[in-house]
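Fold and geometry: a report
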Amino acid sequence: MAWRQVGMMVAGLLVSGMARADGDALAEAMSRNPDRFEARAVDLIAGFGGADGLRAEDIETHIALERAGARASGLRRFLAMDLDADGAVTRAELAVAQHAASAQGRGRMERQFASADADGNDAVDASELAAFGTAAGLQALGEDEADGLRALMQLDADGNGALTTAEVAAAVARLDGTG
């Protein structure tokens, strides 16, 4: 499973109760499906933390990578439409790209173009591209999801700043009364 999927699933599990105190939200995410929660957390630890455990900066790295990947993906679509390589995409360039796309692709391109063209001048310039990319990154992994990932560090039982798979397993075991 790709780390992006792992992170998104862990974030989704964690974020679903963030309106309450962080500890309560974390406990709820863990109790909803303890085995799944543990598996996702262990995958995140192995992928971004390693043998010494997952640190807060590793979580921030994961968040940054998720957002960068989504930003790059969104910008790639626009750059492919920049036929004259001037750093902007005009409505005329959009029309050429749409001509070669499927009906569904044409609709998606139109929607993204309209969303990115903040000033409505029928061109997406460099600053609008940058804003579009940033928005795509936040849409892929929003602040609530990022906060959910950060909440994992509450399971660092020994307080050494590194979350280990053993600490996750112990927290899940305590939740179901076996630990």
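Overall, the prediction assigns the chain a mean pLDDT of 87, with 86% of residues at 70 or greater. For residues 13–21, every residue scores under 50 in pLDDT, and the model assigns this stretch 24 contacts once sequence neighbours within four places are set aside.

Note that D82 resides in the loop between α4 (56–79) and β1 (89–90). Buried and unpaired, D82 has no salt bridge, with R76 as the nearest side chain of opposite charge at 14 Å. Setting aside residues up to four positions removed in sequence, D82 forms contacts with G87, A88, V89 and E93.

With that settled, the discussion passes to the packing of helix α3 (residues 34–49) against α4. Where α3 meets α4, the closest approach of the two axes is 10 Å, and the angle between their N-to-C directions is 90 degrees. Viewed along their axes, α3 and α4 adopt a mutual orientation that is roughly perpendicular. In this structure, α3 uses L44, F48 and G49 to contact α4, whose residues at the interface are D58, H62 and L65. Taken together, the residues that form the contact of α3 with α4 break down as three nonpolar, two polar and one charged.

Let's shift gears to helix α6 (residues 103–116). The terminal C-alpha atoms of α6, which comprises 14 residues, lie 20 Å apart, in line with the 20 Å expected from a rise of 1.5 Å per residue. Of the positions making up α6, those classed as buried are G105, M109, Q112, F113 and A116. The buried residues of α6 occupy an angular sector of 100 degrees when the element is viewed end-on, so they sit on one face. Across α6 from its buried face, at more than 90 degrees, point the exposed residues A103, Q104, R111 and S115. Buried residues in α6 make contact with α4, β1, α5 (91–99), β2 (123–124) and α7 (126–140).

A few words on the packing of aromatic side chains. Geometrically, a pair of aromatic rings is defined through the distance of the ring centres and the angle of the planes. For the structure shown, the criterion picks out one aromatic pair. With a centroid separation of 4.9 Å and 75 degrees between ring planes, the pair formed by F78 and F132 is classed as edge-to-face. Placement of F78 in helix α4 and of F132 in helix α7 is noted, with a sequence separation of 54 residues between them.

One non-glycine residue, A85, lies in positive phi territory at about 55 degrees. Tracing the sequence through the fold places A85 in the loop between α4 and β1. Of note in this structure, D122 is not a glycine but carries a positive phi near 65 degrees. In this fold, D122 is placed in the loop between α6 and β2. For D122, a relative accessible area of 39% corresponds to the partly exposed category.

Mapped onto the secondary structure, E128 falls in helix α7. There is no salt bridge for the buried E128, and the closest opposite charge comes from R91, which lies 11 Å off by N-O distance. Of note is the side chain of E128, whose polar atom sits 3.0 Å from the backbone nitrogen of D119. When neighbours within four sequence positions are excluded, E128 is seen to be in contact with A116, D117, A118, D119 and A123.

Two side chains bearing opposite charge may form a pair once their charged atoms approach each other closely. Applying the stated rule across the entire model yields seven salt bridges. One salt bridge in this structure joins R91 and E110, with 2.9 Å as the shortest N-O distance. Note that R91 is positioned in helix α5 and E110 in helix α6, a separation of 19 residues in sequence. Taken together, the salt bridges that share partners define one network made up of E60, R67, E143, D147 and R150.

Criteria and cut-off values
Residues numbered from 1 in each chain as written. Predicted model: local features only at pLDDT ≥ 70, side-chain atom pairs only at ≥ 80, totals over all residues. Heavy atoms only, no water. pLDDT = per-residue confidence, 0-100. Contact = heavy atoms within 4.5 Å. Helix = DSSP H or I, 4+ residues; strand = E, 2+ residues; numbered from the N terminus. Buried < 20%, exposed > 50% of the residue type's maximum accessible area, 1.4 Å probe, protein only. Lys, Arg positive; Asp, Glu negative; His and termini not counted. Salt bridge = Lys/Arg side-chain N within 4 Å of Asp/Glu carboxyl O. Axes fitted to C-alpha atoms, helices over the stretch in contact; angles between N-to-C directions. Parallel < 35°, antiparallel > 145°, perpendicular 65-115°, else oblique. Nonpolar A, V, L, I, M, F, W, Y, C, P; charged D, E, K, R; others polar. Expected span 1.5 Å × (residues − 1). Arc of directions from axis to C-beta. Phe/Tyr/Trp six-rings, centres within 6.5 Å; stacked < 30°, edge-to-face > 60°. Polar contact = N/O pair within 3.5 Å; in protein donor to acceptor, adjacent residues only side chain to side chain.

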